[in-house]
Structures are given as structure tokens and as C-alpha cells.
Amino acid sequence: MELTLDRAADAAERHPCPKCEAPAGSACRTRSGKVAAKYHTARFILVPALREELGVAVPADRGPGTPWKRGRTCNGTVSYVKAVRRGQAGVLRGAAGGG
Ligand SMILES: [Zn+2]
């Protein structure tokens, strides 16, 4: 099964990372506390469709290289992030507050 970068990232983020302990919904982080450029192998191999990949890049919208923030951890926030990416932020404004 072929996954686009974005779908691969979403799939990888369904699991918390065993390596850097980034929670589900968040990109991997480096030891220096920045968003990693790639998901850790230990994480993306949890996704059967990604198991044979050599590397899964973190998409630009996660801000690789910028300071890592927890913030996509709860389901509501994940939905909000997805809505933002589809240009529907206004619909859910307020629904994902309090983060
Ligand atoms: Zn990780």
C-alpha cells in the first residue's frame, strides 16, 4: 500500500513514540527538544504499511527543526489540526480551545 507523506505522518502519529516518548498526535522530537526531521523507526514500524520504509519524514506543517511542543495530544486537538489543514478552522473554533 502506498501512502503519501501526509498520510504516512498521520499513520505514524497514531502511536506514541517508544523512542522519544512523543505522544500520539505529535511529531517526534530530537534530544535537543526540537521537532525531528523524521519519525523514529521504532514508531513508524508500528504501522504495518510503513514497516518496510527506511524513513518517514515529518511534514513541513509539523515544523521540523522548530521547538517541539506537545499540543496535538487530545483527540479534539487532532481534529482541529486536521480541520485547519482543510481550511475549516472557523467551523471548529472554540471546540478545541483550552489546549
Ligand atoms: Zn520519536
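Owing to the predicted nature of the structure, the values given are computational and were not obtained by experimental measurement.

Before going further, it helps to examine the overall build of the chain. Of regular secondary structure, the chain possesses 4 helices and 2 strands. Tracing the chain from N to C terminus, the helices and strands come up as α-β-α-β-α-α. By residue count, 22% of the 99 residues in the chain fall in the buried class.

Once that is clear, we can look at helix α1 (residues 5–12). By the burial criterion, the buried members of α1 are A8, A9 and A12. Projected down its long axis, α1 carries its buried residues within an arc of 100°, all on one side. Packing partners of the buried residues in α1 comprise β1 (38–39), α2 (41–44) and β2 (56–57).

Let's shift gears to the nonpolar core. Of all hydrophobic cores here, the largest spans 13 residues; its most connected members are A12, C28, Y39, V56 and V58. Ranked by the residues each element gives to this core, the list is headed by α1, at 3 residues. Here V56 is in contact with A8, A9, A12, K38, Y39, F44 and L50, once residues within four sequence places are set aside.

Reading guide: rules and limits
- Residues numbered from 1 in each chain as written.
- Predicted model: local features only at pLDDT ≥ 70, side-chain atom pairs only at ≥ 80, totals over all residues.
- Helix = DSSP H or I, 4+ residues; strand = E, 2+ residues; numbered from the N terminus.
- Buried ≥ 20, exposed ≤ 12 C-beta atoms within 10 Å, placed from the backbone.
- Arc of directions from axis to C-beta.
- Contact = placed C-beta atoms within 7 Å.
- Core = buried A, V, L, I, M, F, W, Y, C linked by C-beta atoms within 7 Å.

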